[in-house]
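Descriptive structure summary
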Amino acid sequence: MADEPHGLASVTSEVTAPSQAAAEPAWHHRAAVYQIYVRSFADSNGDGVGDLPGVAARLPYVRDLGVDAIWLTPWYVSPMADGGYDVADYRDIDPLFGTLADAERLIRGAHGHGLKIIIDIVPNHCSSQHRWFKAALAAGPGTAERGRFWFRAGRGPSGELPPNDWRSMFGGPAWTRVTEPDGTAGEWYLHLYAPEQPDLNWDNPDVRAEFEDILRFWLDRGVDGFRIDVADCLVKDPALPDVAGLLADARRPWEDQPGLHDIYRSWRTLIDSYPGARVFVGEIWLKPLSRLRPYLQGDQLHTAFNFDFLGTPWDAARLRAVIDTTLATIGASAPWVLSNHDVTRHLTRYGRATTGNVYQADPGAADLELGARRARAAIMLTLALPGSAYLYQGEELGLWEVEDIPVDKIADPIYERTGHAVRGRDGCRVPLPWRADGPGFGFGPPDARPPWLPQPAAWRRLAADIQPADASSMLNLYRSALRIRRASGYFATDAFAWLDAPVGVLAFSRSDGFRCMVNLAAEPVQMPSPGELLLASRPLEDGLLPPDTAVWLRASRG
Ligand code: NOJ
């Protein structure tokens with residue numbers, strides 16, 4: 001081994017994951033989970049919108065990809081002010097997506113294909129069309145019905161100013177004033193997101209009891225877990241203090257409040273009372289990542305997304321730092337994730353000089369060929385790390401962010417709430433191309449209405465039906481990587497060690513002689529030898545690893 005270029009055999013640092021991870025049920029700790037954004041996945045009834053029978057029909061595709069589980073974005077009854085994250089009835093399915101019977105069939109169907117199924121739960125807010133909110137509006141100030149939300153009198157001589165200075169995550173004030181039943185301008189209610197998404201008051205026992213009942217409703221129907229929307233914001237500081245003057249890294253009065261832990265302890269007791277290893281996955285955007293740790297001690301959430309990894313640009317030193325911090329602070333219990341339905345697709349991000357995310361008004365132009373090369377290398381890096389990984393539908397096809405959606409088609413509330421300054425998240429939600437030929441690239445049946453968002457004509461060459469025949473396609477890369485990941489023993493433990501490598505190159509080993517090497521530098525580097533090449537993100541020549549390329553290797557024995 002001594003003659004290996006760059007001394008790939010020598011361990012330069014080892015990171016040991018905190019022991020809590022080892023006690024976790026195995027499936028979610030090592031799983032590859034495929035996120036399905038239901039309205040953009042597959043349309044079975046030809047209305048231009050994806051639905052549950054559409055998902056059910058494509059389960060063999062998901063199974064063949066080689067993932068272990070699916071996560072479905074909200075399927076509940078909703079006016080769709082925020083793509084279903086405004087729930088009017090948590091115990092039924094929106095007619096746009098199907099019926100409760102369709103959901104039950106889908107759960108059974110997923111299990112029949114050996115796939116676990118995680119659904120989205122939205123506890124921070126409901127829809128303004130939810131029966132509780134309608135009752136609160138009708139009941140008036142000071143009533144028990146209003147106590148389930150955050151209603152407050154306004155400031156100013158006639159209450160004409162919002163109760164505090166909080167801003168909605170989508171832009172504009174986080175408060176909307178209501179008209180009271182007697183026709184007068186009245187109280188204000190809090191909504192951290194759109195006005196159609198009133199925040200629930202988690203200090204109210206009705207709210208707690210209701211959500212535990214909702215969890216049971218779906219656990220009784222066999223779901224394997226919940227992705228918890230805005231998991232860190234349910235509890236508010238009841239003083240609702242202004243935030244002007246708070247330091248940038250100070251805790252906001254709507255996030256990470258101590259009372260959250262009681263809620264999740266109680267949820268954990270509930271979910272653990274069900275057979276099988278069912279899980280909670282938190283959506284928590286707190287920074288730094290170490291702030292997730294209290295939630296992941298074994299008595300609350302099972303995992304929470306590693307958004308620091310998602311937000312890191314294509315830079316070896318910065319990626320190495322975030323991997324180190326992750327493994328040292330929370331171990332492998334926070335899934336690696338590159339994309340989801342809220343962020344610019346990573347293929348596009350990696351094609352830019354900056355990380356350029358959706359909340360930017362002008363993220364700059366992207367080089368999609370460069371982005372595609374990096375995306376190929378990035379998924380090999382991601383899937384080689386200890387822990388689980390969440391993949392977002394369409395990344396396996398090499399889809400990019402669609403940044404020229406006609407403005408009259410934009411549905412994301414961010415566009416309106418920012419006064420049209422920010423286009424929002426629709427660009428990563430464009431319906432999938434299933435077939436190269438046919439209207440809507442086979443998103444729906446042949447006579448279907450056009451997909452709810454227009455697909456770029458150039459997606460024809462990315463259609464799911466033609467990629468299997470192309471050995472170099474993104475789909476085949478994902479399938480190969482996931483197959484190796486699942487079938488081999490390399491990833492059976494949390495073993496992980498950095499290997500010596502030139503500047504700009506990430507190289508690490510896992511168990512059983514497995515090594516991953518990714519070149520993020522501008523120049524090719526020498527490949528290590530000897531060894532067996534298991535997978536390369538693109539063809540290699542002359543024993544060189546080109547820029548923006550990853551390889552998986554197995555050290556030769558003896
Ligand atoms: C996070 C979800 O992922 C996003 O799509 C949604 O808009 C907000 N939470 C509000 O529910």
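Residues numbered from 1 in each chain as written. Predicted model: local features only at pLDDT ≥ 70, side-chain atom pairs only at ≥ 80, totals over all residues. Heavy atoms only, no water.

We now examine the overall build of the protein chain. When its secondary structure is counted, the protein chain shows 13 helices and 21 strands. C-alpha extents for the protein chain along the principal axes are approximately 85 × 55 × 50 Å. Sequence-distant contacts in the protein chain: of pairs separated by 6 or more residues, those separated by 24 or more amount to 67%. Counting 55 positive and 71 negative side-chain charges, the protein chain places the centres of these two groups 2 Å from one another. (Helix = DSSP H or I, 4+ residues; strand = E, 2+ residues; numbered from the N terminus. Contact = heavy atoms within 4.5 Å. Lys, Arg positive; Asp, Glu negative; His and termini not counted. Charge placed at Lys NZ, Arg CZ, Asp CG, Glu CD.)

Inspection of the secondary structure assignment puts serine 509 in strand β16 (residues 505-509). Dropping the residues within four chain positions of it, serine 509 is found in contact with Ala495, Phe496, Ala497, Leu499, Phe514 and Arg515.

The subject of this paragraph is the site of the ligand. Lining the immediate surroundings of the ligand are 14 residues, of which Asp82, Asp229, His341, Asp342 and Arg425 lie closest. Between an oxygen atom of the ligand and a side-chain N or O atom of arginine 227, the distance comes to 2.9 Å. Its free accessible area being 290 Å², the ligand has 98% of it covered by the protein chains. (Near = heavy atom within 4 Å. Polar contact = N/O pair within 3.5 Å; in protein donor to acceptor, adjacent residues only side chain to side chain. Areas by Shrake-Rupley, 256 points an atom, 1.4 Å probe, with all protein chains shown as cover.)

Within this structure, the stated rule accounts for 31 salt bridges. Between aspartate 308 and lysine 287 there is a salt bridge whose closest N-O contact spans 3.1 Å. Taken as a pair, aspartate 308 in helix α8 (residues 307-310) and lysine 287 in the loop between β11 (279-282) and β12 (303-304) lie far apart in primary sequence, 21 residues in all. When its relative accessible area of 16% is taken as the criterion, aspartate 308 is described as buried. For lysine 287, a relative accessible area of 53% corresponds to the exposed category. Residues participating in the shared-partner salt-bridge network are Asp82, Asp342, Asp412, Arg425 and Arg429. (Salt bridge = Lys/Arg side-chain N within 4 Å of Asp/Glu carboxyl O. Buried < 20%, exposed > 50% of the residue type's maximum accessible area, 1.4 Å probe, protein only.)

Turning next to the sheet that holds strand β9 (residues 185-190). With antiparallel pairing, the three strands of this open sheet are ordered in space as β7-β9-β8. Looking along the sheet, the strands with just one partner apiece sit at the ends: β7 (151-152) and β8 (175-179). Here β7 runs beside β9; their pairing, made up of two bridges, is antiparallel. Opposite phenylalanine 151, over in β9, you have tyrosine 189 as the bridge partner. (Pairing = 2+ DSSP bridges.)

Moving on, we get to the packing of aromatic side chains. Aromatic ring pairs: the centre-centre distance and the angle between the two ring planes describe each pair. This model, assessed by the stated rule, comprises 37 aromatic pairs. Measuring from ring centre to ring centre gives 5.2 Å for phenylalanine 41 and tryptophan 434, while their planes differ by 90°; the resulting arrangement is edge-to-face. In this pair, phenylalanine 41 sits in the loop between β2 (32-36) and α2 (52-57) while tryptophan 434 sits in the loop between α12 (413-417) and α13 (474-487), placing the two residues 393 residues apart along the sequence. A relative accessible area of 3% means that tryptophan 434 is categorised as buried. An angle of 90° between the planes, with centres 5.8 Å apart, marks the rings of tryptophan 498 and phenylalanine 508 as edge-to-face. Of the two residues, tryptophan 498 is situated in strand β15 (residues 497-499) and phenylalanine 508 in strand β16; the sequence distance between them amounts to ten residues. No difference in accessibility class separates tryptophan 498 from phenylalanine 508, as the two residues are buried. Each residue in the set Trp75, Tyr76, Tyr90, Trp202, Phe211, Phe217, Trp218, Phe226, Tyr264, Trp267, Phe280 and Tyr295 is aromatic and connected to the rest through ring pairs, giving one cluster. (Phe/Tyr/Trp six-rings, centres within 6.5 Å; stacked < 30°, edge-to-face > 60°.)

Take α13 next. With 14 residues, α13 ought to run about 20 Å at 1.5 Å a step, and its terminal C-alpha atoms sit 20 Å apart, in line with that. A large share of α13 lies buried, amounting to ten of its 14 residues. Among the residues making up α13, those that are buried are Met474, Leu475, Asn476, Leu477, Tyr478, Ser480, Ala481, Leu482, Ile484 and Arg485. (Expected span 1.5 Å × (residues − 1).)

With that out of the way, let us pick up the state of the cysteines. Within the structure shown, the criterion is met by zero disulfides. Here cysteine 126 is not disulfide-linked; the sulfur of cysteine 233 is the nearest cysteine sulfur, at 16 Å. (Disulfide = S-S within 2.5 Å.)

A few words on the environment of valine 525. Mapped onto the elements, valine 525 comes out in strand β18 (residues 525-526). Residue classification places valine 525 among the buried residues on the basis of a relative accessible area of 10%. Measuring from C-alpha to C-alpha, the distance between valine 525 and valine 503 comes to 10.0 Å, with 22 residues separating the pair along the chain.

Orientation of helix α6 (residues 205-219) relative to helix α7 (residues 260-272), taken along the N-to-C sense of each, is 30°, at an axis distance of 11 Å. With respect to each other, α6 and α7 are oriented roughly parallel. Crossing angle aside, the handedness with which α6 passes α7 is right-handed. Each of Arg208, Phe211, Glu212, Leu215, Arg216 and Leu219 in α6 lies in contact with α7, whose residues at this interface are Asp262, Ile263, Ser266, Trp267, Leu270 and Ile271. Here the residues of the contact of α6 with α7 are counted per class, giving seven nonpolar, one polar and four charged. (Axes fitted to C-alpha atoms, helices over the stretch in contact; angles between N-to-C directions. Parallel < 35°, antiparallel > 145°, perpendicular 65-115°, else oblique. Left-handed = near helix turned anticlockwise from the far one by under 90°. Nonpolar A, V, L, I, M, F, W, Y, C, P; charged D, E, K, R; others polar.)

By themselves, these figures tell us nothing about what the structure is for.
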